[in-house]
Amino acid sequence: MLAGPAGRKTIIIPTILIAVCVATAILASDWRFLIIALMLVFIAVPMVMALVYFSITLSPEATRSTLPHSVELCRDGSIKIVYADSDDNSNKSSVAGEAISPEEIISFRFSDEYLVYRLASGRLLIIPLKDIDLPYDRHCQFRDFD
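Residues numbered from 1 in each chain as written. Predicted model: local features only at pLDDT ≥ 70, side-chain atom pairs only at ≥ 80, totals over all residues. Heavy atoms only, no water.

S.K.: Quick rundown of the overall build of the protein? Include the residues and the values.
M.R.: Within the protein, the secondary structure is distributed over four helices and six strands. Across the protein, helices and strands are ordered from the amino to the carboxyl terminus as α-α-α-β-β-β-β-β-β-α. The 146 residues of the protein split such that 14% are buried. In the protein, 28% of the contacts between residues at least 6 apart in sequence involve partners at least 24 apart. (Helix = DSSP H or I, 4+ residues; strand = E, 2+ residues; numbered from the N terminus. Buried < 20%, exposed > 50% of the residue type's maximum accessible area, 1.4 Å probe, protein only. Contact = heavy atoms within 4.5 Å.)

S.K.: Explain the sheet that holds strand β3 (residues 98-100) to me, using residue names and the numbers behind them.
M.R.: Ordered by their spatial adjacency, three strands build an open sheet running β1-β2-β3, and the pairing between neighbours is antiparallel. Single-partner strands in this sheet number two, and they are β1 (69-73) and β3. Along the sheet, successive strands turn relative to each other by an average axial angle of 15°, direction set aside. Where strand β2 (residues 79-83) lies against β3, three bridges are found, and the strand directions are antiparallel. Paired with K80 across the strands is A99, a residue of β3. (Pairing = 2+ DSSP bridges. Axes fitted to C-alpha atoms, helices over the stretch in contact; angles between N-to-C directions.)

S.K.: Give me the lowdown on the pattern of salt bridges, citing residues and values where you can.
M.R.: On inspection of all chains with the given rule, the structure shows three salt bridges. Note that E61 is salt-bridged to R123, the shortest N-O span being 3.3 Å. Of this pair, E61 sits in helix α3 (residues 60-65) while R123 sits in the loop between β5 (114-119) and β6 (124-128), placing them 62 residues apart in sequence. Owing to a relative accessible area of 33%, E61 belongs among the partly exposed residues under this scheme. For E98, the salt bridge is made with R123, and the minimal N-O distance between the two is 2.7 Å. Of this pair, E98 sits in strand β3 while R123 sits in the loop between β5 and β6, and the two are 25 residues apart along the sequence. Salt bridges sharing common partners tie together E61, R64, E98 and R123. (Salt bridge = Lys/Arg side-chain N within 4 Å of Asp/Glu carboxyl O.)

S.K.: Got a sec to walk through the sheet that holds β5? Specific residues and values, please.
M.R.: Strand order in the open sheet made by the three strands is β4-β5-β6, with antiparallel pairing throughout. Taken across any chain shown, the strands that pair with only one partner, and hence form the sheet edges, are β4 (105-110) and β6. Each neighbouring strand pair of the sheet contributes to a mean axis angle of 15°, computed without reference to strand direction. In this sheet, β5 lies alongside β4 in antiparallel orientation, the contact comprising five bridges. Paired with F110 across the bridge in β5 is L115.

S.K.: Describe in detail the environment of I132, supporting the description with residues and values.
M.R.: With respect to the helices, strands and loops of the structure, I132 is situated in the loop between β6 and α4 (138-141). The residues contacting I132, other than those within four sequence positions of it, are L73 and I127.

S.K.: Requested: an account of the pairing of β6, with residues and values cited.
M.R.: Here β6 shows one buried face, formed by L125 and I127, and one open face, formed by L124, I126 and P128. Inspection of the sheet shows β5 paired to β6 by five bridges, in the antiparallel sense. Paired with L115 across the strands is I127, a residue of β6. Counting the residues that bridge the hairpin from β5 to β6 gives four residues, and of these G122 lies at a positive phi of roughly 95°.

Coordinates in, geometry out; function isn't part of it.
What follows is the structure, encoded as structure tokens:
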């Protein structure tokens, strides 16, 4: 969640703000700045973290990933994501499947356990290789293909 440059900014900005408050408290010999720094640590930062957590977990992508689904790799290079119908009668809504055209796929990479597709929208589609029967040895042919 906090990977990459955007994730580092979310950690660096509060850290700098707290360090400035502590340094001001030490240099100005005023303990009120230290109390403000502690208020930031124990009140403001957890509130922001909770807001960020809920905004990420309630995104449509995150909610769709929790539903049972399967991925179909088509011969024309497209990918279909098919969501299973719910057996529970309380959930009447069904999620429509999703088709990803070959033009949306920027690159793909084989790792030891996963097939990772990078899409033009910035999304990553990660497929476990233990669920796919591959007719060739993936370790020698497509190890670092990008």
